[in-house]
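Each chain, letter by letter, is given below.
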Amino acid sequence: MTKSQDAIRNLQAAAEKELEKAAEAGREQMETAARATVQTAQRAFEQGVEVTKRQLDGLMKGYDEVAEVSRENINACIAASSATAKAIEQVNGELLNLAKKSYDAQLSAMRAFAGVKTPKDFLDLQSELVKGRYEDLVQESNKIASVVSTAMAEILAPLNARFVDSFTSLARGVAR
């Protein structure tokens, strides 16, 4: 019986080795396929960008006025994008400040609750904290809304100017 048990163990060990080899081969194939997919996607993207550039270059050569309008539109988009990035930074800063204030308020509240001696003191403190947090929330919400409102005006200003200029140019072209 020991010979057959040894044979079974040897077969199991061989099967495990073959499974490990197959798993390794599968992993290598997956990695190779993933690399090939990424490379293919990168090449396709680069080719798409190159084709788009060539098409845009061809269109711009014959239409100087259209090219100027396009450059102005791109500049307006860049200005709007810059304003958007600035707005995101401002809003993130306000949200970070809000989170810090909220954390500090929570710590203060915990300390205050730890010092409460009677149920009445507890309820009074709770009411005071709820009212204070509500007022803080309203104030911070108004502050963030103001930042967003100002940011939207700054973001849309260059785009609006281009919109007006484009329609003015279109109207002049139709009038000719």
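Look above for the structure.
What counts and how
- Residues numbered from 1 in each chain as written.
- Predicted model: local features only at pLDDT ≥ 70, side-chain atom pairs only at ≥ 80, totals over all residues.
- Heavy atoms only, no water.
- Patch = residues over 30% accessible without salt bridge, like charges linked within 9 Å, V, L, I, M, F, W, Y side chains within 5 Å.
- Areas by Shrake-Rupley, 256 points an atom, 1.4 Å probe, with all protein chains shown as cover.
- Salt bridge = Lys/Arg side-chain N within 4 Å of Asp/Glu carboxyl O.
- Helix = DSSP H or I, 4+ residues; strand = E, 2+ residues; numbered from the N terminus.
- Polar contact = N/O pair within 3.5 Å; in protein donor to acceptor, adjacent residues only side chain to side chain.
- Contact = heavy atoms within 4.5 Å.
- Phe/Tyr/Trp six-rings, centres within 6.5 Å; stacked < 30°, edge-to-face > 60°.
- Buried < 20%, exposed > 50% of the residue type's maximum accessible area, 1.4 Å probe, protein only.

Participant: Describe a nonpolar patch on the surface, naming the residues involved and giving the relevant values.
Facilitator: Together, Val-148, Met-152, Leu-156 and Leu-159 give the surface a local cluster of nonpolar side chains, amounting to about 310 Å² of exposed area. Following the sequence through the fold, Leu-156 ends up in helix α3 (residues 119–175).

Participant: Help me get a handle on the side chain of Arg-162, residues and values and all.
Facilitator: Along the chain, the position of Arg-162 falls in helix α3. At 2.8 Å, the side chain of Arg-162 forms a polar contact with the side chain of Asn-73. When residues no more than four places from it in sequence are discounted, the contact partners of Arg-162 are Val-69, Glu-72, Asn-73 and Ala-76.

Participant: Any details on the packing of aromatic side chains? Residues and values, ideally.
Facilitator: Taken as a whole, this structure holds two aromatic pairs when the rule is applied. Ring centres 5.0 Å apart and planes at 45° place the aromatic pair Phe-113 and Phe-122 in the tilted group.

Participant: Can you lay out the pattern of salt bridges for me, pointing to particular residues and giving the numbers?
Facilitator: If you walk through the whole model with that rule in mind, you get ten salt bridges. We note a salt bridge from Glu-50 to Arg-54, for which the minimum N-O separation is 4.0 Å. Here Arg-54 and Glu-50 lie together in helix α1 (residues 2–62), a separation of four residues that amounts to about one turn. Residue Glu-50 is classed as partly exposed on the basis of its relative accessible area of 38%. Linking Arg-162 and Asp-165 is a salt bridge whose minimum nitrogen-to-oxygen distance equals 3.2 Å.

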